[in-house]
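Listed here are the chains, written in short residue letters.
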Amino acid sequence: MRQLLLWKARIACWNYLRSPQARVGTAVLVLMAGALAVMVFGACRFLFKAVQPVLTGATPVPVAPEGELVLLSALYVIGLLILLVSGFAAAFFALHASSDLPLLLAAPFTVRQIFALKFCELAASQLPVVLVVVLPAACGYGAGVGARWSFYPAALLLSLLFLFLPTALAVLAEALVVRVIPPYRVRELGAALGTLLGIVMYAFFYLGSSYFAGWGPQEVISLTDRLSFAKPKVSPAHWLAQATVAASRGSLSDFLFWGGLTAVVSLFALVLSFLLVQEAFYTHWVGAAETHLRLRRRPLSAVLVANRRKSLLSLRGPLWALAGKEMRMICRDLREWMEAMYMLVMMVVVTIAPALRRGGSTLLPPELLLYVCLGVAGAISWALVGPLALGCVAREGRSWPLLRSTPITGEQILKGKIMGVVAPVLAPLMAVTLAASLLLGLRDFRLIIVASFVLLVTPGLAALGAWCGTLSPDFNAQNVRQRVGGAAYLFFWVVSLLYAASLAVGVFFVAAGAWTGWRVLVRALGLLWLMIIGALAFVVGVVLGGREIERREACVR
């Protein structure tokens, strides 16, 4: 087993140092990790040094105050969550996508030895995160409270305990997810979780800089009353915080008690996950074989009846078949939704941040409220529908030649794909738009105007996005953001601005009904204009997109 670990360590080192380019990349990563560690250390040192006088008062106290413990526990909870997310991705690549799996399975090793190697690989992959995030935070706490030199070796030991529990939970979560989602879809789930983490970090840093600006030690201490997730006494983060505080105070007995409790629970979870994951893999293999045999023993008539029931919706025509296929591809691929959610969060954050800078006030004048709500509704529609419609043609991938071999015109393809894009997005789009309007203070029948605006402009926006996506589709792209070229994406921005400018006339008439005498007539004219512009955009997008598809096919022939 020792030789196997050394072999794996040599392979890992060789991957990082095998070429000059790899060495340069490794050096850059090390420098960036060092800079991040220094930033985390400085931030934690500043935080605890600033709140220390408020916590201790005029004279120091022999035990840790509750506020200091809650702050440290909250930092440890964040560290555990980061390790859990990164451990989930590392567990998938180690157990399913690692390049050495065929070699290990063909070698004369037992299954227990292979799983032990993979668990060591997972723990080693978590070590950089611990050294860059957790250890600098603990050292920053010690420097902020003025701990002695003996605290820092204890902080290193406590930081290493972070390797076990997140690894165990990540492996169990990965085994559970793989039993529900096929392994070839787990990569998409990992990409979606990574995008979700990026969304949360973007919103936190952008809004946090506005919300926490000008806070002092008293406000930070008052914040500890709201950190309910860091207060449970049975959480490992709380135990680690107790051990860290005991080490900073020089209490050896408390440090051994809380650190030992965390180590016992973490090692027990790691051993339990090791045994359960082996059993889960065996059960999965046996269950898959039994299911395959059961399907082989089914009579042909039962298989044909089941397939006929599944394909009833596809017998209504080519448009419905294309729309159903597009809906399934969008709903099953979480990366599609995460890309749209990222754009949506950017729009919401940009809208809320100015209100936070004004002190949290979101009240608007009555004559401008409907204008703002309609503008926000249009921006949200563009953020959700735009990315999905822009890549609808390239989403076919390698099956595009098969689709073009059928007697379906380019316009019919675009109509079916636009229907498949709009149908699953319309309900969440309507809910988010109405919720944003309610938050901005819009009430009564004007919510119906906002809902009508979304219904009228969304199909035209989807058609324009699909047309722009036909200009330079990339059918071999694995990344959602690379399905169309940069020129097509910029052209979609220009077309969207022109579409928004055309809609602005109707928005002006619809919202002008709030302060003019001819309310019903002016609003009716505005809605009629929006209907005409939306229908015209739909027709233009479908016709020009269909012609572009036919032109590209003619050039290929």
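About the thresholds
Residues numbered from 1 in each chain as written. Predicted model: local features only at pLDDT ≥ 70, side-chain atom pairs only at ≥ 80, totals over all residues. Heavy atoms only, no water. Helix = DSSP H or I, 4+ residues; strand = E, 2+ residues; numbered from the N terminus. Buried < 20%, exposed > 50% of the residue type's maximum accessible area, 1.4 Å probe, protein only. Contact = heavy atoms within 4.5 Å. Salt bridge = Lys/Arg side-chain N within 4 Å of Asp/Glu carboxyl O. Patch = residues over 30% accessible without salt bridge, like charges linked within 9 Å, V, L, I, M, F, W, Y side chains within 5 Å. Areas by Shrake-Rupley, 256 points an atom, 1.4 Å probe, with all protein chains shown as cover. Phe/Tyr/Trp six-rings, centres within 6.5 Å; stacked < 30°, edge-to-face > 60°. Expected span 1.5 Å × (residues − 1). Bend = angle between axes of the 7 residues up to and from the residue. Core = buried A, V, L, I, M, F, W, Y, C linked by side-chain atoms within 4.5 Å. Axes fitted to C-alpha atoms, helices over the stretch in contact; angles between N-to-C directions. Left-handed = near helix turned anticlockwise from the far one by under 90°. Nonpolar A, V, L, I, M, F, W, Y, C, P; charged D, E, K, R; others polar.

A closer look at the overall build of the protein chain
1) Next: Counting its regular elements, the protein chain contains 20 helices and zero strands.
2) Next: A buried classification covers 41% of the 557 residues belonging to the protein chain.
3) Next: A separation threshold of at least 6 residues defines the contact pool for the protein chain, and within that pool the share at least 24 residues apart is 80%.

Observations concerning the environment of L160
1) Next: Structurally, the position occupied by L160 is in helix α6 (residues 151-160).
2) Next: A relative accessible area of 31% means that L160 is categorised as partly exposed.
3) Next: Note: C-alpha distance between L160 and L127 (33 residues apart in sequence) is 7.9 Å.

Quick look at the pattern of salt bridges
1) Next: All chains considered together, the criterion is met by six salt bridges.
2) Next: E326 serves as the salt-bridge partner of K417, at 2.7 Å between the closest nitrogen and oxygen. Separated by 91 residues along the polypeptide, K417 in helix α17 (residues 410-439) and E326 in helix α13 (residues 318-332) bring together distant segments of the chain. For the pair shown, K417 and E326 are each scored as buried.
3) Next: A salt bridge links E548 to R551; the nearest nitrogen and oxygen atoms lie 2.6 Å apart. Note that E548 and R551 are positioned in helix α20 (residues 519-556) at a spacing of three residues, about one turn of the helix.
4) Next: According to the relative accessible area criterion, R551 is partly exposed, its value standing at 43%.
5) Next: It is possible to trace a salt-bridge network through shared partners that takes in K325, E326, R395, E396 and K417.

With respect to a nonpolar patch on the surface
1) Next: On the surface, L127, L131, L156, L157 and L160 cluster together to form a nonpolar patch covering roughly 380 Å² of accessible area.
2) Next: Elements represented by at least two residues in the nonpolar patch include exactly α5 (111-145) and α6.
3) Next: Per-element accounting of the nonpolar patch gives the leading share, three residues, to α6.
4) Next: With respect to the helices and strands, L131 occurs in helix α5.

Focus: the packing of aromatic side chains
1) Next: Counted by the stated rule, this structure contains 12 aromatic pairs.
2) Next: When the ring of F119 is compared with that of F274, the centres are 5.2 Å apart and the planes differ by 75°; the resulting orientation is edge-to-face. One end of the pair, F119, is in helix α5; the other, F274, is in helix α11 (residues 252-297), with 155 residues separating them in the sequence. In this structure, F119 and F274 share a single accessibility class: buried.
3) Next: Ring geometry for F151 versus Y152: centroids 5.4 Å apart, planes at 75°, classification edge-to-face.
4) Next: Judged by relative accessible area, which is 30%, Y152 ranks as partly exposed.

Topic: α5
1) Next: Look at α5: 48 Å from first C-alpha to last across 35 residues, which is about the 51 Å you get at 1.5 Å a residue.
2) Next: At V130, α5 shows its strongest bend, of approximately 45°.

Quick look at α17
1) Next: The end-to-end C-alpha distance of α17, which contains 30 residues, comes to 42 Å, matching closely the 44 Å that a straight helix rising 1.5 Å per residue would cover.
2) Next: Two residues or fewer after α17 comes G441, characterised by a positive phi angle close to 105°.

Topic: the nonpolar core
1) Next: By size, the foremost hydrophobic cluster in this structure holds 59 residues, and its most contacted members are L370 and Y499.
2) Next: At the level of secondary structure, the elements contributing two or more residues to this core comprise α13, α15 (366-390), α16 (400-404), α17, α18 (446-469), α19 (486-512) and α20.
3) Next: It is α18 that contributes the most residues to this core, 14 residues altogether.
4) Next: Setting aside residues up to four positions removed in sequence, L370 forms contacts with L442, R446, I449, V450, V510 and A511.
5) Next: In terms of nonpolar packing, the next biggest core, distinct from the first, is built from 34 residues, F48, L71, F151 and A246 among them.

Some points on the packing of α5 against α6
Any two packed helices are characterised by the angle at which their axes cross and by the distance between the axes.
1) Next: Viewed as axis vectors pointing N to C, α5 and α6 meet at an angle of 145°, and their least axial separation amounts to 9 Å. Like other packed secondary-structure pairs, α5 and α6 cross with a definite hand, here right-handed. Across the interface between the two elements, L127, V130, V134, L135, A138, C139, Y141, G142 and A143 of α5 pack against F151, Y152, A155, L156, S159 and L160 of α6.
2) Next: Here the contact of α5 with α6 is built from residues that sort into 13 nonpolar, two polar and no charged.

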